[in-house]
Amino acid sequence: MAANTRRKRVTLPASPAAEAVGPASFRTGRGPAHAAVRLQSEGRLIRFLLLVALGGLAIGMVKAATPLYALALGAGKGEIGLITGTQPLMIALVSIPIGLAVGHYGPRALFVVGSLAAAAIHAAVAGTDSPWWLLAATAAASFFMPMRFVSTQSEFFHYLVAAGGRKAGWLRGAQLGGAFVLGPMLGGYLVSWIGYERTYWVIALVFLLPITLAPGVLSGRCEARRRRTAEESGPILRRLAKIFRHPEILETSLIDLASHAALMFYTVFIVVLALEQFHASREAATHLIAIQGFSFMSALFLLDGLLCRLGRELFYGLSFGSAVLGLLFLGTGRELLHLQIGGAFLGIGLGMLGIANMVRLAAVSEKLGRGTVAGASTLSGPLGGMLGTLGGGFASQWIPLQHIFIGLMTAMTIIAIFTLYREKPGRTARVLGWTVSALASVLGRVLGLSVYLLFPAALLFLWQLSAHYGWTSPQILPPPAMVWATLTDLFSSGEIATNLGISLSRVFQGFALGGGTGLVLGFAMGLSRSVEAYLGPIFKALASVPMLGWIPLLIVLLGIDEALKVVVIAIGCVVPVTLNTLEGVRGVPKGYVEVARVFRFSRRQLLRKVVIPAAIPPIFSGISLSLSHAWKAMVAVELMASSEGIGFLMVMGRQLFQLDVVLATILVIGAVGLILDQLLRLVERYLTRWRPSVAR
């Protein structure tokens, strides 16, 4: 009995991190089975980090070779800035769609496609003699870059959850080590040794090398679908809204935005500050970047274990404290040594913040989906980098560079207070919690709005490029500044207001006539089978005639006065309202009608309390569609037969070859149509506020 007692082995309870590793037989920490699993996991992590480092190495080589190649091709400072500044804009534009695609197709497929496309594009750059081709290639390659790092980040989230948060900084350390240290050094060396053409062939090869490692470390489509959560199966817009309203996503995005702004401002302007204000040598000034980079990388690789030992709150406190102390040294220093100390503290603090954010995002990705969270979290980095570089450069025209570090320190301190004290008990904490929630909500709305504005911003950017560099004639495509000046002149002279008022009057008259007729017809056919049998075939035959097909007959009957325009607009409104009203009335659930009969509703009560409320959503869909048709019909009829109105203003601009007037009126027509649609949506939400989906 005693011998049996001695043979029993006591197993301590496993920690949550150990629970994620595997079965209980492995969690004891002993035995060959556990050792084999651990070695296999560590080996896969090493291969994964090698894949990430190779990806960062290729990006770093491009960062060094591209501006040198552009300079050799005769590009000026503006063209070089355009070529290098295209990448963050394109990354912000496509990171979220790629994150959604990762959840569907898996990280491996997206990574391979992105690597192949980037390699092909950079191979095509070799031998070019035009900086514009280099710009186009950089923009095209930037479109595929997020396929690589969003895929790797989503896979790393899976590893972090399984490993309990260990090695959280290694992914970013491997990426940045290749992109900012080894890659630029190797790219500059290759350019001086083998020339630009062969350098780009080497870059293309480096883009292809990680593909050989992808099958062993990145998940395929089947595994990605097996990991998908319930949150990843809903409509895309609803999923994005849920992500941008999630408090963990908003808070980490706010921290990441400030961190990248401080990091990029330091990287771009610290050398200028050291040379101009501290009169340092070039070597000493460039060493400041190396000091900050070394401390940043060291924190990412060496300090991730502190998070598990100290806890999130204390770790965040040390992270913010180090970053704020570094910015204080940078903003108030009087010697070069102060800048060196500030750079070291700033690098350590930003590295620790990156570790804490990565662990939090990995935990959230278990619920919201790894690919979606990886894509959404990638958005704040480029936006913060653009804020630090463009915003810092703009502010430096009025504020000394060193004082901008004080502003960054103030912003970082406010974010630190909100992050550390919003969950504390007490009135002050509640006020802080409410404030950070409000700021997070504003940030979520800004990030969500930025997603919708990225494509128009890209179009505006290309339009400005075309005008600035003369890709098209100003008579064919006027520059944005000229169109804006024309638009302001038209508003100040009252031409827009007068003609827009006339057009809106026609739209509302035709909309009221056509919409009212459609409602009557829809309810009549929906409530009576005999009415539908009698009017349905005639209505469908007349609805098959295009709206503009009625104009010749109506001109003969009504002339070209106001009656023609109102009737044409009304014809465009009748069909969608009638069909959607008919669908709404026929689609009332039978259970609603049966309950009304149990309560002995009269026909009038049934119509007022059951049929109409239940039919409102499809009816408003028809009304929204008919309003869009009315607006288009108004423009069409004014283009053909009118002497006033917004469409007539467009015709006059075309006849006088004033294309700035044409583009200005197009902008007004699009903006007014969008406003009318949004107002109609607000009315619909008010009338359907009783529905649970709307109430939420």
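Conventions adopted
The residue count restarts for each chain, going from 1 along the sequence in the order it is written. Predicted model: local features are reported for residues with pLDDT of at least 70 only, side-chain atom pairs are reported and counted for 80 or more only, and whole-chain, interface and lining totals are derived from all residues. Values reported for side chains reflect all heavy atoms of the structure, with hydrogen atoms and water molecules removed beforehand. Helix and strand assignments come from DSSP, with helices taken as H or I runs of at least 4 residues and strands as E runs of at least 2, each series counted from the N terminus. Note on exposure labels: buried denotes an accessible area under 20% of the residue type's maximum, exposed denotes more than 50%, and partly exposed covers the range between, all computed with a 1.4 Å probe on protein chains only. We call two residues in contact whenever any of their non-hydrogen atoms come within 4.5 Å of each other. In short, Shrake-Rupley with a 1.4 Å probe defines the accessible areas, and a residue's cover is counted only from the protein chains shown. Between the first and last residue of a helix there are one fewer steps than residues, each counted as 1.5 Å, and that sum is the expected span. Each salt bridge in this description consists of a side-chain nitrogen of Lys or Arg and a carboxyl oxygen of Asp or Glu lying within 4 Å of one another. A patch is a set of surface residues, each over 30% in relative accessible area and not in a salt bridge, joined within 9 Å for like charges and within 5 Å for the nonpolar side chains Val, Leu, Ile, Met, Phe, Trp and Tyr. Take the buried Ala, Val, Leu, Ile, Met, Phe, Trp, Tyr and Cys residues and link them wherever side-chain atoms come within 4.5 Å; each set so joined is a nonpolar core. Each residue carries a pLDDT score, the predictor's confidence in it, ranging from 0 to 100. Here a pair means two rings of Phe, Tyr or Trp (six-membered ring of Trp) with centres within 6.5 Å. Their orientation is stacked below 30 degrees between planes, edge-to-face above 60, and tilted elsewhere. Here an angle of 0 to 180 degrees is reported between the N-to-C directions of two axes, which are lines fitted to C-alpha atoms, with helices fitted over the stretch in contact. Roughly parallel here means an angle under 35 degrees, roughly antiparallel means over 145, roughly perpendicular means 65 to 115, and every remaining angle is called oblique. Crossing chirality is assigned from the near helix's rotation relative to the far helix, an anticlockwise turn below a right angle marking it left-handed and a clockwise turn marking it right-handed. Residues are grouped as follows: Ala, Val, Leu, Ile, Met, Phe, Trp, Tyr, Cys and Pro are nonpolar; Asp, Glu, Lys and Arg are charged; every other residue, Gly included, is polar.

A. A look at the overall build of the protein chain. Within the protein chain, the regular secondary structure consists of 29 helices and zero strands. Across the 696 residues that make up the protein chain, the buried fraction comes to 46%. For the protein chain, the proportion of contacts with a sequence separation of at least 24, taken over those separated by at least 6, is 79%. Carbon and sulfur atoms form 68% of the exposed surface of the protein chain, whose accessible area is close to 34,800 Å².

B. Fine view of unusual backbone geometry. With a phi angle near 50 degrees, H279 is a residue other than glycine that sits in the positive phi range. The residue H279 is located in the loop between helix 12 (247-276) and helix 13 (282-302) in this model.

C. The arrangement of the side chain of S319 in detail. Tracing the backbone through its elements, the reader meets S319 in helix 15 (residues 312-332). For S319, a relative accessible area of 0% gives the class buried. Dropping the residues within four chain positions of it, S319 is found in contact with G349, M352 and L353.

D. Local environment of helix 28 (residues 659-687). In a regular helix each residue adds 1.5 Å, so 29 residues correspond to 42 Å; helix 28 covers 42 Å between its end C-alpha atoms and thus fits that length. Residues of helix 28 that are buried include every one of D660, V661, V662, A664, T665, V668, I669, V672, L676 and L680, and no others. Buried residues in helix 28 make contact with helix 20 (480-493), helix 21 (495-527), helix 26 (603-640) and helix 27 (646-655).

E. Summary view of helix 13. Here helix 13 is 21 residues long and its end C-alpha atoms lie 30 Å apart, about the 30 Å a rise of 1.5 Å per residue gives. When helix 13 is considered as a whole, its buried residues turn out to be A284, A285, L288, Q292, S295, F296, M297, A299 and L300. Along its buried surface, helix 13 packs onto helix 8 (170-208), helix 12 and helix 16 (336-368).

F. Representation of the pattern of salt bridges. Evaluated as defined, the whole model comprises seven salt bridges. For the salt bridge of R506 with E562, the shortest nitrogen-to-oxygen distance reads 2.7 Å. Placement of R506 in helix 21 and of E562 in helix 24 (residues 562-586) is noted, with a sequence separation of 56 residues between them. Since its relative accessible area comes to 35%, E562 is described here as partly exposed. Taken together, the shared-partner salt bridges connect E248, E251, R312 and R360 into one network.

G. Structural context of a nonpolar patch on the surface. Taken together, the side chains of F180, V181, L182 and M185 make up a nonpolar region of the molecular surface, amounting to roughly 410 Å² of accessible area. The class for V181 is partly exposed, based on a relative accessible area of 38%.

H. Focus on the nonpolar core. I270, F405 and M412 are the most contacted members of the largest nonpolar core, which has 109 residues in total. Excluding its chain neighbours within four sequence positions, the residues that come into contact with F405 are F265, Y266, I270, L273, L327, L330 and G331. By size, the runner-up hydrophobic cluster in this structure holds 40 residues, among which are C573, V588, A633 and M650.

I. Highlighting the confidence of the model for the protein chain. For the protein chain, the average pLDDT comes to 77, and 82% of its residues sit at 70 or higher. Segment residues 425-429 is flagged for pLDDT under 50; beyond a separation of four residues in sequence, or across chains, it makes three contacts in the model.

J. Focus on the environment of L273. One can find L273 in helix 12. Judged by its relative accessible area of 3%, L273 is buried. Between the C-alpha atom of L273 and that of L401, which follows or precedes it by 128 residues, the distance is 6.7 Å. Apart from residues lying up to four places away in sequence, L273 is in contact with F278, L339, L401, Q402 and F405.

K. Representation of the environment of A411 in the model. Its place among the elements puts A411 in helix 18 (residues 401-421). Looking at A411, the relative accessible area reads 34%, which means it is partly exposed. Through-space distance from the C-alpha of A411 to that of A258 is 7.6 Å; in sequence the pair is 153 residues apart.

L. Representation of the packing of aromatic side chains. If you walk through the whole model with that rule in mind, you get seven aromatic pairs. Judged by centre distance (5.0 Å) and plane angle (70 degrees), the rings of F265 and F405 are edge-to-face. Linking F265 in helix 12 with F405 in helix 18, this pair joins segments that are 140 residues apart in sequence. Residue F265 is classed as buried on the basis of its relative accessible area, which comes to 1%. Residue classification places F405 among the buried positions, given a relative accessible area of 1%. Ring centres of F329 and F345 lie 6.4 Å apart, and the angle between their planes is 5 degrees; this geometry places the pair in the stacked category. Of this pair, F329 sits in helix 15 while F345 sits in helix 16, placing them 16 residues apart in sequence.

M. Geometry of the packing of helix 24 against helix 26. Two numbers describe how helix 24 lies on helix 26: the axes approach to 7 Å, and their chain directions differ by 160 degrees. One way to sum up the angle between helix 24 and helix 26 is to call them roughly antiparallel. Of the two possible hands of crossing, helix 24 and helix 26 adopt the one that is right-handed. Class assignment for the residues of the contact of helix 24 with helix 26 results in 16 nonpolar, eight polar and one charged.

N. Focus on the packing of helix 27 against helix 28. Interaxial distance between helix 27 and helix 28 falls to 7 Å at its minimum, and their mutual angle equals 160 degrees. When the interaxial angle is binned, helix 27 and helix 28 end up roughly antiparallel. Between helix 27 and helix 28 lies a crossing whose hand is left-handed. Packed against helix 27, whose contacting residues are I646, L649, M650, G653 and R654, the element helix 28 presents L659, V661, V662, T665, I666, V668 and I669 at the interface. Classifying every residue of the contact of helix 27 with helix 28 gives nine nonpolar, two polar and one charged.

O. Main features of the environment of A136. With respect to the helices and strands, the residue A136 is situated in helix 7 (residues 131-163). Along the sequence, A136 and I121 sit 15 residues apart, while their C-alpha atoms lie 9.7 Å from each other.

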